[in-house]
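What follows is the residue order along each chain.
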There are 4 protein chains.
Amino acid sequence: MAEILRCAEEVIEEYGYDQAAVAEVAKRAGVVEGTVYHYFETKRDLYIAVAEAWYRRVLDANQPTPASGSLYDRLRAAIRSELMIICESPAVVRFILMELRPDPAFRDMQIFAMNRKLTAALTRVLKDGIARGELVDHIPLRAVRDMIFGGIEHQTWAFLRNEGDFSVDDATDAISYVIYNGLKRRPPAAVEHSPSLDERVETLERIVASSLNSKT
Amino acid sequence: MAEILRCAEEVIEEYGYDQAAVAEVAKRAGVVEGTVYHYFETKRDLYIAVAEAWYRRVLDANQPTPASGSLYDRLRAAIRSELMIICESPAVVRFILMELRPDPAFRDMQIFAMNRKLTAALTRVLKDGIARGELVDHIPLRAVRDMIFGGIEHQTWAFLRNEGDFSVDDATDAISYVIYNGLKRRPPAAVEHSPSLDERVETLERIVASSLNSKT
Amino acid sequence: MAEILRCAEEVIEEYGYDQAAVAEVAKRAGVVEGTVYHYFETKRDLYIAVAEAWYRRVLDANQPTPASGSLYDRLRAAIRSELMIICESPAVVRFILMELRPDPAFRDMQIFAMNRKLTAALTRVLKDGIARGELVDHIPLRAVRDMIFGGIEHQTWAFLRNEGDFSVDDATDAISYVIYNGLKRRPPAAVEHSPSLDERVETLERIVASSLNSKT
Amino acid sequence: MAEILRCAEEVIEEYGYDQAAVAEVAKRAGVVEGTVYHYFETKRDLYIAVAEAWYRRVLDANQPTPASGSLYDRLRAAIRSELMIICESPAVVRFILMELRPDPAFRDMQIFAMNRKLTAALTRVLKDGIARGELVDHIPLRAVRDMIFGGIEHQTWAFLRNEGDFSVDDATDAISYVIYNGLKRRPPAAVEHSPSLDERVETLERIVASSLNSKT
DNA sequence: GATGAATGAGAGTTCATTCAT
DNA sequence: TATGAATGAACTCTCATTCAT
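Predicted, not measured: the structure shown is a model, and the values here were computed from it.

In terms of regular secondary structure, chain A is built from 10 helices and 0 strands. Starting at the N terminus and walking to the C terminus, you meet the elements of chain A as α-α-α-α-α-α-α-α-α-α. Considering only residue pairs separated by 6 or more positions, chain A has 71% of its internal contacts joining residues 24 or more positions apart. Total accessible area on chain A stands at roughly 10,800 Å², and carbon and sulfur atoms take up 53% of it.

So this is what it looks like as structure tokens:
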């Protein structure tokens, strides 16, 4: 049975859930299709079990992000961790997101709790940052998580399709930088549109800087 | 034929490309499958035609983002525009991204050029911001676009699946805010220590003074 | 209509009768399928017309084998003529043989008479040879024709499939030689099994010959 | 499964490979199409299996042509053997010749070896005859085989279509006679003038005489 | 004469699932 | 506990043919 799960994971990563044929799983596991259905009622159940096993493994291996250190470092660590996980098994994650999450019963599934635990680190860091006043509180956490996940996913696809290279660290850097700075609390003027004194000085500085550059 | 295209778009939005059976399209259009194949050589070709028609419609309707105004406003307008478009037909966008883009011949397809035109606004704003020094230049544009698109997509799915509410304006606000501030150029110390107004004015005075000196 | 016939011939030669789609013919002729059916009741009728036109052309172009000269030369000329014709349009010939000939009405078709005319040369030469006593009369003409046609066809396939090279002249030589000598009348002993004096001498000759060869 | 193979053979013999629908096979075997695809990946694979089973059966049943006896008898036996085989299952043979042989991988298929074994007898007899000098060596073996096969095939078709009668023995006689005599080595003058017994004995005497001289 | 849209039957193939053993 | 044969519905695609205009 463990073998079936192992092969099923292999197959879903290669083909995606829709194209992941039970027959292929059986063949690789060296059993017949009937055997798979002996253990799992449906194809869906099989892959739920795969996802659960995967989560269990990942949760065990994943040491929690340190609660100390600068907020930026902690955020970066959390994002890096997510990225590595998704990057390793994007099809499983996608299966959960696309096939399981819409299920009305999703919130009652083990997977839901496990998924929570996995994303908890990131959520905690963000909430903590907001609580301490280091991050703004007017952006819905959900939107932030979507940008992070969505950004990771899009980059992962391209990578899986051999379009361009992909570095976990570069991706982590880019996402962490944008999210952290994007959420960092600053004098409210930062986003106002009649320039504040600060902004006016900033503009000045830029001009001077570029002016100096052009002279050399 | 227009009817077939209309129904095909309906079907792909409901089921996604993989599950969008030609039989269903035919049924809705009130014709037999053979008729669909009379007009379109393959299922893929049918949906390429759908995508092209959709793009054409969207490009016509979409008034260009204003080139003037603050960078933030322009970025926000571009993001809003993308968001509304994707939000209306996420399956078509996903079809292009997942089925067409990996095709080696993608760059020679009409769709490629159309897609370019549509995403050009956003790219232009970002490049402009970088050129003017208002945005940092060390984050790959591709990563930024992935965060925006990915973020939009993730929010869109949830909405389509009737999970929670969704407001185009709220989503636009959240994404725009994070991206703009996340990319905004600031004194390098930004993360560690931000120089006081006093310090900055002092620096300015020194520079201006020396600048004047060098002119004599 | 002439254009349709021209294209139909092209198509049948490329794909064979079964795979020769009416749509493809229409496309090449620059008309729609309906137009083809305007002129020809069925696909079969279309290709019968093709075959008839082809026969007419071939019969016109094909100057009759000379009635003079040695029997061998005349036979060779007839075979060469057949070979060249089949070789040029094997699919049309095959269509007639496989689709038309089994038809109970075949003998009433124009094609039947035309086909007769075309194979008449060969038949005439053979009959003539038999009548003059130069060829044996105990082999059914039909069997001989089958060997010639079958042999030509088999060689033609291989050629069309790019298996090995093919020379019309070599094929003509081989077939003509075997058929002529195979049918040539000789002292009845030739095919008996207790060796005749002739055969015994022949054997002797061969042995002496090979013995001489081995000495050099 | 054996039943499926049996019915498939039946169907291909009735319709030929192209028209041999899997649905028809399934119907006759009393199963659904899916069942056929449970055992055979594709229609082609199904008929390859049919061909292999058929070859196996034929090879078992076919006692080898005797290596002794006159060349004519051996050739006749080989031809008769081929004729009977093709005559029983011409569609299978045609399938191999037309669908399988052009496949670049043909030479690696089981069928290739089996086919070899079956045609080996004929080839061996011909080569042997050539080696012993009883048959001429200037006609390509391939051309000879094509005449034999092609001739058999043409006669077979006609028979299967109930055109005229057909006797295995008559066909064997005709083909064997023509091929044997057609290839039989004779004094080069054969076609123009055949030396009399007197002339030949004279020649022999001269040779023997000089041969004796050279030995002293 | 010619169009071209539409048909309908059938092809090969896939696959989750069932069930007697 | 496991087998593996069998199912049946769905899928993409093909094509000869029809018919109102």
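All right, on to the interface of chain D and chain C then. Facing the 50 residues of chain D at the interface are 50 residues of chain C. Put simply, chain D and chain C have 0 salt bridges between them. Applying the counting criterion to the chain D and chain C interface returns 3 residue pairs in polar contact (both at pLDDT 80 or more). When contributions to the side of chain D that touches chain C are tallied by element, the ones reaching two or more residues are α5 (71-88), α6 (90-100), α8 (141-160), α9 (168-183) and α10 (197-215) of chain D. By residue number, the principal contributor to the side of chain D that touches chain C is α8(D), which donates 12 residues.

Let's shift gears to the protein's contact with DNA strand E. Taken together, 28 residues surround DNA strand E, and among them Y37(A), Y39(B), T35(C), Y39(C) and Y37(D) come closest. Near-protein atoms of DNA strand E (within 4 Å) split between backbone and bases, with sugar and phosphate holding 67%. V32(B) is positioned such that a nitrogen or oxygen atom in its backbone is 3.2 Å from a phosphate oxygen of DNA strand E. Partitioning the surface near DNA strand E into residue classes produces 15 nonpolar, 8 polar and 5 charged.

Residues and elements named next belong to chain A. The end-to-end C-alpha separation of helix α9 (residues 168-183) is 22 Å, in line with the 22 Å expected for 16 residues at 1.5 Å each. Of all 16 residues in α9, 12 are buried, a share of seventy percent or more. Within α9, burial applies to A171, T172, A174, I175, S176, Y177, V178, I179, Y180, N181, G182 and L183.

This next bit is on the relation of the copies chain D and chain C. Mapping between the two chain copies consists of a rotation about an axis together with a translation along that axis. The two copies are related by a screw operation: chain D maps onto chain C through 177 degrees of rotation and 0.5 Å of translation along the axis, at an RMSD of 1.6 Å. Classification of the inter-copy transformation places it as that of a two-fold axis. No C-alpha of chain D approaches the rotation axis more nearly than that of L197(D), which lies at 0.4 Å.

What follows is about the side chain of E52(A). Relative to the elements of secondary structure, E52(A) occurs in helix α4 (residues 43-61). Beyond its immediate chain neighbours, meaning those up to four positions away, E52(A) contacts Q110(A), I111(A) and M114(A).

So, about the pattern of salt bridges. Across all of its chains, the model carries 56 salt bridges over all chains by this definition. Residue R28(B) pairs with E24(B) through a salt bridge whose shortest N-O separation is 2.8 Å. Remark: E24(B) and R28(B) occur in helix α2 (residues 22-29); sequence separation between them is 4 residues, near one turn of the helix. With its nearest N and O atoms 2.8 Å apart, the salt bridge here joins E10(D) to R28(D). Here R28(D) lies in helix α2 (residues 22-29) and E10(D) lies in helix α1 (residues 2-15), a separation of 18 residues in the sequence. On the basis of relative accessible area, E10(D) is assigned to the partly exposed category, the value being 32%.

Turning our attention to the packing of aromatic side chains. Counted according to the given criterion, the structure contains 28 aromatic pairs over all chains. Note on Y17(D) and F95(D): the rings are 4.6 Å apart at their centroids and 35 degrees apart in plane angle, and the pair reads as tilted. One end of the pair, Y17(D), is in the loop between α1 and α2; the other, F95(D), is in helix α6, with 78 residues separating them in the sequence. Seen from their ring centres, W54(D) and Y55(D) are 5.0 Å apart, and the 65 degrees between their planes marks the pair as edge-to-face. Here the two residues W54(D) and Y55(D) agree in accessibility, since each one is buried. Through pairs of rings, three or more aromatic residues link up here, namely Y17(A), Y47(A) and F95(A). Above the plane of the ring of Y17(A) lies K43(A), whose end atom (NZ or CZ) is 4.9 Å from the centre.

Parameters at a glance
Residues numbered from 1 in each chain as written. Chains lettered and ligands numbered in written order. Predicted model: local features only at pLDDT ≥ 70, side-chain atom pairs only at ≥ 80, totals over all residues. Heavy atoms only, no water. Helix = DSSP H or I, 4+ residues; strand = E, 2+ residues; numbered from the N terminus. Contact = heavy atoms within 4.5 Å. Areas by Shrake-Rupley, 256 points an atom, 1.4 Å probe, with all protein chains shown as cover. Salt bridge = Lys/Arg side-chain N within 4 Å of Asp/Glu carboxyl O. Polar contact = N/O pair within 3.5 Å; in protein donor to acceptor, adjacent residues only side chain to side chain. Near = heavy atom within 4 Å. Nonpolar A, V, L, I, M, F, W, Y, C, P; charged D, E, K, R; others polar. Expected span 1.5 Å × (residues − 1). Buried < 20%, exposed > 50% of the residue type's maximum accessible area, 1.4 Å probe, protein only. Least-squares fit on C-alpha atoms with pLDDT ≥ 70 in both. Phe/Tyr/Trp six-rings, centres within 6.5 Å; stacked < 30°, edge-to-face > 60°. Lys NZ or Arg CZ within 6 Å of the ring centre and 35° of its normal.

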